[in-house]
Amino acid sequence: MPNTPMPHDTKPKRRRSKAERQESAETSRAYDARKREAGFVRSNLWVPKEDLADIKWLVETRTYKLCLLYAQTRAQQHLSAPRPVRKRKRIAKCDPRQLGFDFS
């Protein structure tokens, strides 16, 4: 028996607002744009069942290599980028009467 809750135990689905749907769509578009920028393409193919394991292995290894290459180029860009100039923190001017612990 699957480990699913009984129908009377499940919460009713909450309908998402229009703003939530738009935010989700924007997130999805941004994710797709980053993948396309990295050189990936989404595809759906019908493959023979007996070749599925080989094709999955081929795709996983190729994707892993591309991800490593992408991460290396990002790291190189990060290292070659100029470091931001930090502002110096101002030293607070202290009252000399507050610096001592003379309680007399």
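Along each chain, residues carry numbers from 1 onward, in the same order as the chain's sequence is written. Selection of residues for local features in this predicted model requires a pLDDT of at least 70, selection of side-chain atom pairs for listing and counting requires 80 or more, and totals for whole chains, interfaces and linings are taken over all residues. Hydrogen atoms and water are omitted, and side-chain values are computed over all heavy atoms in the structure.

1. Some remarks on the environment of Arg16
Here is step 1 of the chain: With respect to the helices and strands, Arg16 occurs in the segment before helix 1 (18-37).
Here is step 2 of the chain: A relative accessible area of 42% places Arg16 in the partly exposed class.
Here is step 3 of the chain: Two residues form a contact once any of their heavy atoms are found within 4.5 Å. With residues up to four places along the chain from it excluded, the contact list for Arg16 reads Arg21 and Ser24. Only DSSP runs of H or I reaching four residues or more are called helices, and only runs of E reaching two or more are called strands; each is numbered from the N terminus. The buried label goes to any residue with under 20% of its type's maximum accessible area, the exposed label to any with over 50%, and the partly exposed label to all in between, with areas taken from a 1.4 Å probe on protein chains only.

2. Let's talk about a nonpolar patch on the surface
Here is step 1 of the chain: The grouping of Leu45, Val47, Leu52, Ile55 and Val59 at the surface amounts to a nonpolar patch, some 410 Å² of accessible area in total.
Here is step 2 of the chain: Here Leu45 is to be found in the loop between helix 1 and helix 2 (52-80).
Here is step 3 of the chain: Exposure remark for Leu45: the relative accessible area of 70% places this residue in the exposed category. To count toward a patch, a residue needs a relative accessible area over 30% and no salt bridge; like charges are then connected within 9 Å, while nonpolar side chains (Val, Leu, Ile, Met, Phe, Trp, Tyr) are connected within 5 Å. For every accessible area listed, the method is Shrake-Rupley and the probe measures 1.4 Å; residues are considered covered only by the protein chains on display. In the sections that follow, a salt bridge refers to a side-chain nitrogen of Lys or Arg positioned within 4 Å of a carboxyl oxygen of Asp or Glu.

3. A word on the pattern of salt bridges
Pairing between side chains of opposite charge can happen when the charged atoms of each approach one another.
Here is step 1 of the chain: One pass over the structure, following the stated rule, counts 2 salt bridges.
Here is step 2 of the chain: Notably, a salt bridge pairs Arg14 with Glu20, separated by 2.9 Å at the nearest N-O pair.
Here is step 3 of the chain: Given the relative accessible area of 60%, Arg14 is considered exposed.
Here is step 4 of the chain: Here Asp32 makes a salt bridge to Arg42, at a shortest N to O gap of 4.0 Å. Of the two residues, Asp32 sits in helix 1 while Arg42 sits in the loop between helix 1 and helix 2, which places them 10 residues apart along the sequence.
Here is step 5 of the chain: Looking at Asp32, the relative accessible area reads 24%, which means it is partly exposed.
Here is step 6 of the chain: For Arg42, a relative accessible area of 69% corresponds to the exposed category.

4. So, a positive patch on the surface
Here is step 1 of the chain: The grouping of Arg15, Arg16, Lys18 and Arg21 at the surface amounts to a positive patch.
Here is step 2 of the chain: In this structure Arg15 comes out as exposed when scored by relative accessible area, which is 72%. Under the counting rule used here, the positive set is Lys and Arg, the negative set is Asp and Glu, and His together with the chain ends is not counted. Lys charges are placed at NZ, Arg charges at CZ, Asp charges at CG and Glu charges at CD.

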